[in-house]
Each structure stands twice: as structure tokens, then as C-alpha cells.
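Secondary and tertiary structure notes
Residue strings, one per chain:
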Amino acid sequence: MKKLTKAELKEFRDRLYLPIPDSALEGELPPYFHPGENDPEIEYMKERRAALGGVLPKRVNRAKPVKLPGDEVYKGFTKGSGKQQVATTMAFVRLLKDLMRDKEIGHRFVPVIPDEARTFGLDAMFPTAKIYSPHGQMYEAVDRELLLSYKEAVQGQILHEGISESGSMASAIAAGTSYSTHGEPMIPIYIFYSMFGFQRTGDQMWAMGDQMGRGFLLGATAGRTTLNGEGLQHEDGHSPLIASTNPAAIVYDPSWAFEVAHIVKDGLRRMYGDKPEDVFYYLTVYNEPYLQPAQPDGVDVDGLLKGLYKYADGPETQGPKANILSSGVAGPWAMEAQRMLADDWGVSASVWSATSWTELRREALTCDEHNLLNPDAEQRVPYVTRALSQAEGPFVGVSDYMKAVQDQIAQWVPGDWSSLGTDGFGLSDTRSALRRHFHVDAASITLAVLTSLVRRGELDGEVLREAIARYHLKNGVTEAGGPETNDTQSMGV
């Protein structure tokens, strides 16, 4: 019942044997009743409250500082992959294996797998880290003859949860809060199909932030066009947008292996360093193998961690200039578009790696809030505005996600802005065909840059008709539109 009548209040009082006179119930609101400080119930409640730590809830962090790995463990990722094609998921797994070998911190990592460990290349850890089971392995695995066979152990380090995203998130939360609940910092590494993360268990990820949990969530097989064999089931074009609504989630979409290494290193510092922060990291990583470049000389690591840095200057040409901002698996598309613009149209396009659209937006919003409340103080300029302030030409943003992900920064970009994204439902087709369908491939990026230059009056409109015809943008995929390197579901193992 929403509200009791006076007669019902009196009946309720009588049923509970409360010494409240009828006159006290005649007012608009009934009175509070306290049985007295010496009442057995009050004494019991006070005793339990004291045992639980006092009247006000508080978190007692008894955890001792952990010693973080040095730079050596990350150095291998600055050299690139040479002639080997490596997906960013595999790059992360290789880094995790190296981190788990560290004598100081290795035992604190808790890999959490909801389903297909082999898909993510985690089967390489089975023989050494082993899968936790409170009773050990009570059966012979069907793959027992294989080098990387399934192995369970009482002291196993991997949590293999079966097909249970909610159970996996519960384990990630337990490990991510153990620094407080048990005084032992643990580092959950929860790797899942990206479509089955924030979309399926977003409430638990909110709870993880609310409980001040720390650790890494990996949205693997990310992107709307990259895991394409099963149509809508796996084609994630929006998880970074959902993740951006969680204040505790630090969201990154790296393109290159060396970016992954810098992000993980900084994440460990922020969550487990001298001044730990109550945040957790969400990284989107991909199952498409491609050549991983060496880290550029003088790379702007600070910009990389803030969410944006110039990855490659545009080629020297006499023509117009432009800027392509890309993230995740769109990095190689942007580099191919840079080549096409220079070779086919004489346009010099610089490529910027947008490692985190979300972090750029959050920093810009912080600046806006300060400026709103302090009109007489020096006005703060958002990092994204400062980073792009000297760039010449229009800006085109692209990722394997819907346009709203890139458009998070639109209002702070100091110039003409347009974006390409994978809005709409997915399809079952090749990567090349899907990228042409959503108009995010290299040829489509090229056309978008040319369109921006035409609108600015820097090129004649005829180039747009020529580009559409040359790249067959209305008639399917051609080699000129960006040949597909690998259409399998392989992780590049």
C-alpha cells in the first residue's frame, strides 16, 4: 500500500504493541518510535554496527604497494612485427604472458575467460598458468595429446568460466576489489567478444566502478566489420559509446601493438602504482592480423595516453592538405588512404591516431565546466583543440564503430569536421565488402577527404565524380579500394 489510513495506522500500532497514543496518530504524518537506548534490539544493532566498523561505512585499504615491472617488458613492442602479421588481440596476449612471468607482480594477474580461450590465443598459457579448479583435473582432456592441451590445477591462475559473461564479470569484480576486501591487489584481465561485454553485462561493469574495482576489460574481436562471419551476433559497432557512459571506465581503441604496450603500462601505474586510482580500463582489440609498425621516433607518448597524437605526417606535395583521425583497425585504412590521396590526387593528408575518443571528450568537458564556472579566470583550451590547432586542412574521423563514437569530439575540433562510421546493422560478408558497404574503407576515406576539400573550394567538384568512378564506390570492392589481407577469423596465431 502506498499510504495507510489513520485506522490502519492504529491497527498496525496495536499489532506491533507500540506504546503510541491515539493522539499522536491524528497528525498528517505518524511519529517515529524509538524503544530506548537500553532496549535489547537497540543494543544488538549497536553491537553489530561496531563489529562492522562503525556508524558510517568506510573502506579500509590494507593492501601493500606492489612493485610494477620496468620498461624492459614493453620494449619488444616498439620494434614492430617485421614481416609477420599480428592482430592487436595477439599483441595484448603476448604482453600479458610476459607480464605474468614477472617475479614481483606476475602472480597477481587473473586471466578471466568466458568462452573460447583458443580464439584469443590464451591456450598458450594452459601448460604454465593452468586453469583453476578447486579439485584439480578429474578427467582426461580430449586434446591431451596436443602441446597446448587443456590443463586444470588447484593452483591454476586462469579462471575459465564457461559460457557465462555474468559469472565472468563477477569474477572480475571480485579480483578487482580484492585489494580492499582481502588486502591483496589482484589484476583481473577479462577477455571477451566485444559484443558480449558492455551490451550484455553493462550493469555489472557499472557495479565494478561503483565498488571501486580495478583491472582490464578486453573487448576482443572488436569492430562491426572485423569479425564478420556471423552477422549481427558479433559485429560490435557501439561498445565504446556504451563504455563512455561509465565514469570509471577508461576507454581506449588502439591501432598498433606499441600503443597497446604504452596503454597497459600506464594503466598498471594508474591502478596499482604509488597513488592508485579507482578506475578500470576497457580496451578494444581486434582479430585481424596486419603488419605492426615499429614505434615512430619521438612518438608523443603523452598525447597517445591522452587520446590523440600525430602518427604520420602527410607526404610532401604541392596540393591541398588534410587530416585523417583514425582508431583501432581503421589505422591501416587511414594509412592506405594517405597513400591514395597523395598518389592519385596530390593531397597531403596527415594521419592522427585517436587512441581514445572518449578520454578526449572527457578532458574537453572538464575544461568547459571550468570555463563555465570561472568566466573571469584564464579559459582552459581542451587538449584535442590544442593538439589540432596547427594542423592545416579539414579533419575526417573514422573507426570501425558508428559515427557517434568519433563525433564525441566534433565540437572541439578547430576546423571542418566530418566522420565515417559503421552505422546500421551488420552483414555476413567479407571484410572488404562490409567496409565498402559502410563506406569506411580506404577509398571511402579518400572520397571523404576530397569532399571536404571541394567544400572548402580547394579542389574542383569534378574530382569527386572521378574518384567515385575510379574506385567503383557505387559498384563494389576493387583492389584500388584496399585489398583484403586476410578474410579468415584467424587471430594471427
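Everything below is about the structure shown above.
As a starting point, this report considers the structure included with it. These figures come from a predicted structure and were not determined experimentally. Position numbers for residues count from 1 along each chain, tracking the sequence in the order it is written. At least 70 in pLDDT is required for a residue's local features to be given in this predicted model, at least 80 for side-chain atom pairs to be given and counted, and no such filter applies to totals for whole chains, interfaces and linings, which use all residues. Think of the side-chain values as coming from all heavy atoms in the structure, minus any hydrogens and water.

Only runs of H or I of at least four residues qualify as helices and only runs of E of at least two qualify as strands under DSSP, and these elements are numbered from the N terminus. Across its full length, the chain carries 17 helices and 15 strands. Each residue is assigned to one of three classes by its accessible area relative to the maximum for its type, calculated with a 1.4 Å probe on protein chains only: buried under 20%, partly exposed between the two thresholds, exposed over 50%. Counting only residues that meet the buried cut, the chain has 51% of its 493 residues in that class. Expressed as a percentage of contacts within the chain between residues at least 6 apart in sequence, the contacts between residues at least 24 apart total 75%. Computed with a 1.4 Å probe, the accessible areas rest on the Shrake-Rupley method; for each residue, only the protein chains presented here act as cover. For the chain, the accessible surface area stands at approximately 23,900 Å², while carbon and sulfur atoms represent 53% of it. Separation between the mean location of the 50 positive side-chain charges and that of the 66 negative ones in the chain comes to 4 Å. In this description, contact between two residues means that some pair of their heavy atoms is separated by no more than 4.5 Å. A positive count includes Lys and Arg, and a negative count includes Asp and Glu. His and the chain ends are not counted in either. By convention, the point assigned to a charge is CZ for Arg, NZ for Lys, CD for Glu and CG for Asp.

By the element assignment, V347 lies in the loop between α11 (330-345) and β13 (348-353). Excluding its chain neighbours within four sequence positions, the residues that come into contact with V347 are T317, P320, A322, L341, A342, V449, L450, L453 and L459.

A few words now on the sheet that holds strand β8 (residues 249-252). The strand order across the open sheet built from six strands is β5-β2-β6-β7-β9-β8, with neighbouring strands paired in parallel fashion. At either margin of the open sheet sits one strand with a lone partner, and together these are β5 (159-160) and β8. Note: two strands are recorded as paired if DSSP finds a minimum of 2 bridges between them. Alignment of strand β7 (residues 216-220) against strand β9 (residues 280-284), held across four bridges, turns out to be parallel. Residue pairing in the sheet places L217 in a bridge with Y282 of β9. Axis definition: a line fitted to C-alpha atoms, over the contacting stretch in the case of helices. Angles run 0 to 180 degrees between N-to-C directions. This element, helix α5 (residues 165-176), spans β2 (109-113), β5, β6 (187-193) and β7 of the sheet and lies at about 160° to β6.

Relative to each other, α5 and helix α7 (residues 198-210) sit at 10°, their axes nearing to 10 Å. For the element pair α5 / α7, the angle class is roughly parallel. Between α5, through E165, S166, M169, A170, A172 and I173, and α7, the contact on the second element is made entirely by R200, T201, Q204, M205, A207 and M208. Gly is put with the polar residues, along with every residue not named as nonpolar or charged; the nonpolar set is Ala, Val, Leu, Ile, Met, Phe, Trp, Tyr, Cys and Pro, and the charged set is Asp, Glu, Lys and Arg. For the contact of α5 with α7, the class distribution of residues is seven nonpolar, three polar and two charged. The scheme is simple: roughly parallel for angles under 35 degrees, roughly antiparallel for over 145, roughly perpendicular for 65 to 115, oblique for anything else.

Turning to the packing of aromatic side chains, a few remarks are in order. The pairing test for Phe, Tyr and Trp rings, Trp by its six-membered ring, is centres within 6.5 Å, and the orientation test on the planes gives stacked under 30 degrees, edge-to-face over 60, and tilted for anything in between. According to the stated counting rule, one finds nine aromatic pairs in the structure shown. An angle of 50° between the planes, with centres 4.6 Å apart, marks the rings of Y190 and F192 as tilted. Note on F192: relative accessible area 0%, which makes it buried. An angle of 5° between the planes, with centres 6.3 Å apart, marks the rings of F192 and Y282 as stacked. Within this pair, whereas F192 is found in strand β6, its partner Y282 is found in strand β9, the two being separated by 90 residues in sequence. Both residues of the pair, F192 and Y282, count as buried. In this structure an aromatic cluster arises from ring pairing among Y190, F192, F198 and Y282. Stacked on the ring of Y179, the Lys or Arg R214 has its end atom at 3.7 Å from the ring centre. Any Lys NZ or Arg CZ found within 6 Å of a ring centre and within 35 degrees of that ring's normal is scored as a charge over the ring. Between the NZ or CZ atom of R470 and the centre of the ring of W345, over which it lies, the distance is 4.9 Å.

Below, the discussion takes up the pattern of salt bridges. Here, a salt bridge means any Lys or Arg side-chain nitrogen found within 4 Å of an Asp or Glu carboxyl oxygen. A complete count under the given rule lists 25 salt bridges for this structure. When the shortest N-O distance is used, the salt bridge between D71 and K265 registers 2.4 Å. One end of the pair, D71, is in the loop between α2 (40-51) and α3 (72-75); the other, K265, is in helix α9 (residues 257-272), and 194 residues separate them in sequence. Among the residues examined, D71 registers a relative accessible area of 46% and is labelled partly exposed. Judged by relative accessible area, which is 33%, K265 ranks as partly exposed. In this structure, R269 and D266 form a salt bridge, with 2.9 Å as the shortest nitrogen-oxygen distance.

An expected span of 1.5 Å times one less than the residue number is assigned to each helix. Compared with the 16 Å implied by 1.5 Å per residue over twelve residues, the 16 Å span of α5 between its first and last C-alpha is a close match. Listed in full, the buried residues belonging to α5 are E165, S168, M169, S171, A172, I173, A175 and G176. Residues of α5 that are buried sit in contact with β2, β5, α6 (178-181), β6, α7 and β7.

Everything listed here is a matter of geometry and, on its own, says nothing about what the molecule does.
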